[in-house]
Each structure stands twice: as C-alpha cells, then as structure tokens.
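For reference, the chains in residue letters:
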Amino acid sequence: MLRNLSLLFLLLLIPLSASALTLKLATVVPEGSSWMVQMRDGAKQVEEKTAGRVKIKLYGGGVMGNEKAVLRKIRIGQLQGGAFTSGAMATVAPDLSLYSLPMLFNSLEEVDFVRASMDSMMIKALKDAQFTCFGLAGGGMALMFSKTPIANLADLAGKKVWVPEGDLASYAAMEANGLTPVTLPLTDVLTGLQTGLIDVIGSSPLAAIAFQWHTQVKYFSPTPLSYIFAMLVLDSKVMDKMSSADQQVVSAVFEGIYQRLDKENRQENAQAEEALRKQGLIEEQPLQQLAQMRAATEAALSTRAQEGLFSADRYAEIKALLQKYRSQGKGTK
C-alpha cells in the first residue's frame, strides 16, 4: 500500500515538472503588421525548439491597453513581457529616451554611427532594471504630419501638437519652441486627430499607415524630428525560470527577429513614404527656422539632463559622437 502511494505521488509530480512556461507578451502594434507576423512565427519556433516547454501567447493591437498599462501588468505578473517604444521604457530606464531626443539626429546614417557605440549601454540599462531585452529595432525618423500646411514656427502657433505619453523630453522641447504639446498614448492618437484634440503629429511613414493616422492628415514634412525605435522586453525573473538551453533558444529566436526588423523597417519606411504620396498626401519643403528650433531644443534638453531626466554624461557622449561624425563631413551641422 505504501509503495503504491509513493508511485502515485511520483506520477503526480511528473506533469508539474514538465508543465510548459507560457509567456504572455503584449503590444499596441496592429495585427497583420510585419512585427506581429514575425513574432507569431517566432512563437512557433520557440515552442518547437523547446519541445513545448516554453510557449508564447501574443496580444496585439492594444487589446491589453496602452504601453503604460502593459508595463503595469508586467509588474503584477499578469503579463511577462511586451514590445515598447522608448518613451514607455524610459520610466524604468531613463537613458532609453536618449536616442529619441527631438532634433538630435539629422539622418539615419548619424543614428547608425551612434548606435554602433551605444546600443550595448541601452540594453544594459534595461538589464539593470530587471528586463531582458532582445535588441532594438529602428522605426525610422519621425516626420511632421499635419492637417494644414506647416512651413515654419508661425504656422505651428496655436496648433495642438501630439507628444507620446511619457516623452518628457519632447514635451520640454515643444514648450521651448512656443508650441502647444498635448500628451496622448499611442492608442489614442487616431481618435485625437479625428476629434480635433490634436492637429499635428510626429510619426514615421510606416507607423502613420499602420495606425491609420495618415487618413486624418493632408501634409507631411521631410524634416527629421526624432528617431523612433522599439524593443521587446521580458521580465528577467521569468527568464530566469527557464533552463539555460531554453533561454538560449528564446534569445536566439527573438534577437534574430529584431535584427531583421531593424533592417526591414528602414526599407518599409521608404516604401510607406512613397505610398503616402500616391495616396494624395502633400510633401512640403523642409521646415524653415531649423537652426532656431534646434538651438531652443538643445537648451531645453541640456536643462532637463541637469535635472536628471536622463544622464547628462550619456547625453554628452552622444553629442560628442555626432560632432565626430559631422566633423568628417558625413553629416549636416
């Protein structure tokens, strides 16, 4: 009798030790987008390569709420990870906002030069905040989209300009240039444009189409306002629950996806910009008074750095890299 009870006890333990770890990941990225397609394929790969020990459940299109809500759900264990823009994750790792600072970069070539030296710092900042990051994927340069023509600062007077939720640096830059910033999460931008809550947005062409924002605007400017990037993060405590072998599988699959997205997004943005022209959006001339706007923006950012919004030393490091790049005649001063 005792032997039978012991065997029964051991049998009951087997399913517990072999049970799958399910990772619930959420994003505001729409279903059907390249990100969702590649992530669903990656989820299948992870399950197959771990023999079912790790499963991925994806929630796209903002069904789990905006980025702030998703981050909160990760903290309470309702979700295990998600895809975020830099603004959302800057609340846990402030220096993540550095790449997206307004009017910092003049071109994607400048971005590439800086990222080659500083991506590892960004990923370490997330690790220190107890998040495992599988890489950064550039989303292109944010361009200005508007309902009416915008040629200079005077045209922006009185216009309500969208600032992503949590992007305190952009908010400060807007105020420094005498603009009227309106803070909204990504999930509310379309409604904001439809209702007149906002008149002007900064977005990559790809995001403007993916989120249907382009249906509510008529003009766009080629002037790069800021660099957009996103990341996939997982609660490090959950990552630690996996075996070393399964961790390697998850990392290899997701890192591969983000390396591809980093390259593909650049090509898709160029295609999206051409698609916008074909759909009737009017491309304007580069913004006038750029030198004045950059000077006001840099002064505001330097102040916020000294106040601790992000690392003043890291900000200085990026500016030094840009100065080095531009001194070689490879960028616009």
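Residues numbered from 1 in each chain as written. Predicted model: local features only at pLDDT ≥ 70, side-chain atom pairs only at ≥ 80, totals over all residues. Heavy atoms only, no water.

**Q** I'd like to hear about the overall build of the chain, residue by residue, with values.
**A** Helices and strands together make up the secondary structure of the chain, namely 13 helices and nine strands. Scaling as 2.2 N^0.38, a compact globule of 333 residues should have a C-alpha radius of gyration of about 20 Å, and the chain matches this with 22 Å. If one aligns the C-alpha atoms of the chain with their principal axes, the spans along those axes are about 90 × 40 × 30 Å. Considering only intrachain contacts with a sequence separation of at least 6, the fraction spanning at least 24 residues in the chain is 76%. Taken as a whole, the chain presents about 15,800 Å² of accessible surface, with 55% of it coming from carbon and sulfur. Distance from the positive charge centre (34 side chains) to the negative charge centre (32 side chains) of the chain: 5 Å. (Helix = DSSP H or I, 4+ residues; strand = E, 2+ residues; numbered from the N terminus. Rg over C-alpha atoms; globule rule 2.2 N^0.38 Å. Contact = heavy atoms within 4.5 Å. Areas by Shrake-Rupley, 256 points an atom, 1.4 Å probe, with all protein chains shown as cover. Lys, Arg positive; Asp, Glu negative; His and termini not counted. Charge placed at Lys NZ, Arg CZ, Asp CG, Glu CD.)

**Q** Could you give me a rundown of helix 13 (residues 312-327), with the residues and numbers involved?
**A** Here helix 13 spans 22 Å end to end across 16 residues, near enough to the 22 Å set by a 1.5 Å rise per residue. Inspection of helix 13 places Tyr315, Ile318, Leu321, Leu322, Tyr325 and Arg326 among the buried residues, and these make up the whole buried set. For helix 13, the angular spread of buried residues about the axis comes to 130°, placing them on one side. In helix 13, those exposed residues whose orientation departs by more than 90 degrees from the buried face are Asp313, Gln323 and Ser327. In the core, the buried residues of helix 13 are packed alongside helix 5 (108-128) and helix 12 (290-306). Where helix 13 begins, the side chain of serine 311 points an oxygen toward the backbone nitrogen of aspartate 313, at a separation of 3.3 Å. Backbone geometry just after helix 13 places glycine 329 at a positive phi near 75°. (Expected span 1.5 Å × (residues − 1). Buried < 20%, exposed > 50% of the residue type's maximum accessible area, 1.4 Å probe, protein only. Arc of directions from axis to C-beta. Polar contact = N/O pair within 3.5 Å; in protein donor to acceptor, adjacent residues only side chain to side chain.)

**Q** Tell me about the nonpolar core, residues and numbers included.
**A** The biggest cluster of nonpolar side chains holds 41 residues, and the ones touching the most others in it are Met89, Tyr99, Leu126, Met231 and Phe310. Mapped by element, the contributors of at least two residues to this core are helix 3 (67-75), helix 4 (86-89), helix 5, strand 4 (131-146), strand 8 (219-235), helix 12 and helix 13. Tallying contributions element by element places helix 5 first for this core, with seven residues. Excluding residues that lie within four positions of it along the chain, methionine 231 makes contacts with Gly82, Ala83, Phe84, Thr85, Ser86, Met89, Leu96, Leu126, Cys133, Gly135, Leu136 and Tyr258. (Core = buried A, V, L, I, M, F, W, Y, C linked by side-chain atoms within 4.5 Å.)

**Q** Lay out the packing of aromatic side chains with the relevant residues and their values.
**A** Scanning the entire structure with this criterion turns up nine aromatic pairs. Between tyrosine 99 and phenylalanine 229 the ring centres are 5.5 Å apart and the planes differ by 65°, which places this aromatic pair in the edge-to-face class. Taken together, the positions of tyrosine 99 in the loop between helix 4 and helix 5 and phenylalanine 229 in strand 8 put the pair 130 residues apart, joining distant regions of the chain. Residue class for tyrosine 99 comes out buried when judged on its relative accessible area of 0%. Between the aromatic rings of phenylalanine 211 and tryptophan 213, the centroid separation amounts to 4.9 Å while the plane-to-plane angle is 15°, which identifies the pairing as stacked. The exposure classification of phenylalanine 211 matches that of tryptophan 213, with both residues buried. Aromatic ring contacts, followed pair by pair, group Tyr99, Phe105, Tyr227 and Phe229 into a single cluster. (Phe/Tyr/Trp six-rings, centres within 6.5 Å; stacked < 30°, edge-to-face > 60°.)

**Q** Hey, could you go over the pairing of strand 6 (residues 180-184) for me, with residue numbers and the actual values?
**A** Here strand 5 (residues 160-164) runs beside strand 6; their pairing, made up of five bridges, is parallel. Counted as the bridge partner of proline 164 is leucine 184 from strand 6. Between strand 5 and its parallel partner strand 6, the chain crosses via helix 7 (residues 168-176), and the hand of that crossover is right-handed. (Pairing = 2+ DSSP bridges. Right-handed = clockwise from strand over helix to strand, strands pointing away.)

**Q** Please give an account of the side chain of asparagine 269 that cites residues and values.
**A** You can see asparagine 269 is positioned in helix 11 (residues 244-278). Within the structure, the side chain of asparagine 269 is placed 2.7 Å from the backbone oxygen of glycine 139, a separation counted as a polar contact.

**Q** Any details on the pairing of strand 2 (residues 54-59)? Residues and values, ideally.
**A** For a regular strand, the rule is simple: side chains alternate between the two faces of the sheet. Note: strand 1 (residues 21-26) against strand 2, six bridges, orientation parallel. When the sheet's bridge partners are listed, lysine 24 is paired in strand 2 with lysine 57. Remark: the strand 1/helix 2 (residues 34-49)/strand 2 crossover connection has right-handed handedness.

**Q** So what's going on with the confidence of the model for the chain? Which residues, and what values?
**A** Residue-level pLDDT values for the chain average 91, and 93% of them are 70 or greater. Here residues 5-18 is a poorly scored stretch, pLDDT under 50, and it has zero contacts once near neighbours within four places are set aside; other chains count. (pLDDT = per-residue confidence, 0-100.)

**Q** I'd like a description of helix 2, backed by residues and values.
**A** Taking 1.5 Å per residue as the helical rise, helix 2 with its 16 residues ought to reach 22 Å, and the 22 Å between its terminal C-alpha atoms agrees with that figure. Inspection of helix 2 places Trp35, Met36, Gln38, Met39, Gly42, Ala43 and Val46 among the buried residues, and these make up the whole buried set. Down the axis, helix 2 shows its buried residues gathered within 160° of arc, on one side only. When the buried face of helix 2 is taken as reference, the exposed residues oriented beyond 90 degrees from it are Val37, Lys44 and Glu48. Looking at the residues trailing helix 2, positive phi occurs at alanine 51, about 55°.

**Q** Describe the side chain of serine 236, with residues and values.
**A** Along the chain, the position of serine 236 falls in helix 10 (residues 236-239). Given a relative accessible area of 9%, serine 236 falls into the buried group. Excluding residues within four positions of it along the chain, serine 236 makes contact with Gln130, Phe131 and Thr132.

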